[in-house]
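# Inside the fold
Listed below are the residues making up each chain.
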Amino acid sequence: MPSGWWNRIWVVQEVVVPKILTLLYGSMTAPWNMIVNAATSYSLNQLVSKTTTFPKEYPSVLASFSRIVLGIHDMRGRWLHGEQTSLLSQLGRFSHRKATDDRDKVYALLGLIQGPPTANQVKILPDYSLDTVTVFRNTVLSIVETTGSLIVLIGDIGRKNRQDLPSWLPDWSATYDDLDHLRGEDTEHYNVTASVSIFAESPKEEEYSGTLRSIPCAGAPKGQRLGSQCSDQKAYSKILDPPDWERHISNPYGRIGEAECLQGVTKYLAAERDTVWLRDHSGILEYPGIREGRVVVVEDTCFSREDLVWVVQSWASHVYQLFEPHGPPVFDIRKEFGCSFLRTLCADIIYTNALVGGSTRHRVTDDHLGNIAAQIELWIKEAHQPPAPRQNHSPYLFSWDSLVKKIVASDLAESQESCVNVDVAVRTAILRRRLFITDTGHMGLRPSGPQLDDELCLLLGARTLLILRQSASSISPSVGGKAPKDSIQLRGF
């Protein structure tokens, strides 16, 4: 168990691929299934009497070792049964493992991708002549283009070991724990925008090359410019039927060349929610999106389970003060924000059957709100006195009662579902997170990095809304000067 072998990235492939596996340690050998059975037994019986005689540090070591073994074994089962796997899913599962060369965080997992080429055709080949930043960047852009989704950018990507990475680029050399993995898996339950066709352009590619690859050019091979065969505008009108794209030409009364046509086509495809481009300007991403609000409130971070009750009450107090309505529709408005607050506390995900993982995670429904409110109310009652420096507790209790307890929980108490694990759902959602509120009334949870005036944005192909921060400069270093006004630069969040 103390051997560093168990935590190496290349070990995953060594264990997953062979049909028959035997472990050798010194002069001892053991079949893989024996280790798996031991890990499974410990996980299912962590409270049996045999473990109570162990020194206090043993249970945590055994629990960690069991998770390592069962995590690899689960992937081994998927591999041997021929189940479809993607590079993105493998990075989420195993990128926290150690490697002498950070590039192997990607390269060591390429051999584990299997499935239809159209679904998992990642354009990455091992090339040790490339530096780590280039490998990570190429991997992200390839995943975005092949999946039609920005899910690879979702998560706490501000946590970095390397200081040479752009802010939008995940650092697969950083350490992530079980909580991070659970949150990553939960993203499959969100889908604020449908998947779209995304064409990524690297700094070396000609401008609008992604747009050219997305349309079949009449009279020219796909991906090549039309040249001077005929009027550019007429040529593209033949390709795009109906020719509504012409409304997106910036200056329809001036000279319209191929560059102006490509810009109009690009905007048209994005407006139709069909095809979008992602341009990498040497570290700054240009991507179409919509600003949904500006962060105007950032609450305290919930650092531990012990702080959870106080933090939730503190958040409730500030939400109540911000949204306390005046006038006749008091009840309905408070109830709306109370329900939204309860959903936010568990990231709109609920765990059922007291288990964590797989099909036991669902989006919250109105029937779950009573469970959430009741469980948090129980926590508040158990916390007889708040720890210092929380001397004045009454305002928090009043805000909780006004925002949630009397208005939300009362009329939903009868609809509470059994076998709902609110404790796991809330802890998974808010530990190491802080509440933010925008000037448009949106509230959500983010890592401890959000600042006032950050932007809440909707990007096509993203499963969740993203928090972005204005870059130091809006000037792109590549040809084209300033980024278009309707684009958003993913930098600095």
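Everything below is about the structure shown above.
Residues numbered from 1 in each chain as written. Predicted model: local features only at pLDDT ≥ 70, side-chain atom pairs only at ≥ 80, totals over all residues. Heavy atoms only, no water.

### Regarding the overall build of the chain
How we decide: Secondary structure follows DSSP: runs of H or I at least 4 residues long count as helices, runs of E at least 2 residues long count as strands, and numbering of each begins at the N terminus. Relative accessibility decides the category of a residue: with a 1.4 Å probe and only protein chains considered, values under 20% of the type maximum give buried, values over 50% give exposed, and everything between is partly exposed. Two residues form a contact once any of their heavy atoms are found within 4.5 Å. Calculation of accessible area relied on Shrake-Rupley with a 1.4 Å probe; when residues are assessed, cover is drawn exclusively from the protein chains displayed.
Assigned secondary structure in the chain consists of 16 helices and 13 strands. Put simply, the chain has 493 residues, and 48% of those count as buried. A separation of at least 24 residues holds for 66% of the contacts in the chain among residues at least 6 apart in sequence. Counting only carbon and sulfur atoms, one obtains 53% of the accessible surface of the chain, whose full area is about 24,700 Å².

### Quick word on the packing of helix 12 (residues 308-323) against helix 14 (residues 366-382)
For the record, the criterion: Convention adopted: a line fitted to C-alpha atoms gives each axis, helices being fitted over their contacting stretch, and angles between N-to-C directions are expressed from 0 to 180 degrees. Angles are sorted into four bins: roughly parallel if under 35 degrees, roughly antiparallel if over 145, roughly perpendicular if 65 to 115, and oblique for all others. Note: crossing handedness is left-handed where the near helix turns anticlockwise from the far helix by less than a right angle, and right-handed where it turns clockwise. Gly counts as polar in this scheme, as do all residues outside two lists: the nonpolar Ala, Val, Leu, Ile, Met, Phe, Trp, Tyr, Cys and Pro, and the charged Asp, Glu, Lys and Arg.
Remark: helix 12 packs on helix 14, axes separated minimally by 10 Å, with the N-to-C direction vectors making an angle of 115°. As judged from the angle between their axes, helix 12 and helix 14 are roughly perpendicular. Along this stretch, helix 12 crosses helix 14, giving a crossing that reads as left-handed. Where helix 12 approaches helix 14, its residues L308, V309, V312 and Q313 are matched on the opposing element by I376, W379 and I380. Counted by class, the contact of helix 12 with helix 14 contains six nonpolar, one polar and no charged residues.

### Concerning the sheet that holds strand 8 (residues 420-421)
Put simply, the rule reads: Two strands are said to pair when DSSP picks up at least two bridges between them.
If you walk across this open sheet you meet the three strands as 7-6-8, and the pairing is antiparallel. This sheet does not close on itself; its edge strands, each paired only once, are strand 7 (361-363) and strand 8. Pairing analysis gives two bridges linking strand 6 (residues 349-352) to strand 8, with the strands arranged antiparallel. Along strand 8, the bridge assignment pairs Y351 with N421. Contacts between helix 16 (residues 422-430) and the sheet are confined to strand 6 and strand 8, with strand 6 contributing the most and set at about 145° to the helix.

### Considering unusual backbone geometry
Backbone geometry places A347, a non-glycine residue, at a positive phi of 55°. Tracing the backbone shows A347 in the loop between helix 13 (330-345) and strand 6. You can call A347 partly exposed: its relative accessible area is 27%. Unusually for a residue other than glycine, D348 sits at a positive phi of about 60°. Position of D348 relative to the elements: it lies in the loop between helix 13 and strand 6.

### Some words on the nonpolar core
The condition that has to hold: Grouping buried Ala, Val, Leu, Ile, Met, Phe, Trp, Tyr and Cys residues that are joined through side-chain atoms within 4.5 Å yields what is termed a nonpolar core.
With 58 residues, the main nonpolar core has V106, L150 and Y287 as its most contacted residues. At seven residues, helix 7 (residues 132-147) tops the list of elements feeding residues into this core. Once you skip the residues sitting within four places of it in the chain, V106 turns out to touch L87, L91, I124, V135, F136, T139 and W172. Ranked by size, the runner-up nonpolar core spans 46 residues in total, among them W310, V319, L342 and L445.

### As for the pairing of strand 1 (residues 22-25)
Both strand 1 and strand 2 (residues 28-31) contribute to a ladder of four bridges, which runs antiparallel. Paired with L23 across the strands is A30, a residue of strand 2. Between strand 1 and strand 2, which pair antiparallel one after the other, the connecting turn spans two residues, and G26 there sits at a positive phi close to 65°.

### Thoughts on the packing of aromatic side chains
Quick note on the threshold: For Phe, Tyr and Trp, where Trp contributes only its six-membered ring, two rings pair if their centres lie within 6.5 Å, and the inter-plane angle classes them as stacked under 30 degrees, edge-to-face over 60, or tilted in between.
Applying the stated criterion across every chain, the model contains five aromatic pairs. On the numbers, 5.0 Å between centres and 80° between planes, the contact of W5 with W6 is edge-to-face. Taking 5.1 Å as the distance between ring centres and 75° as the angle between the ring planes, the aromatic pair formed by Y107 and Y128 counts as edge-to-face. With Y107 in helix 5 (residues 104-107) and Y128 in the loop between helix 6 (117-120) and helix 7, this pair connects stretches of sequence that are 21 residues apart. Among the residues examined, Y107 registers a relative accessible area of 4% and is labelled buried.

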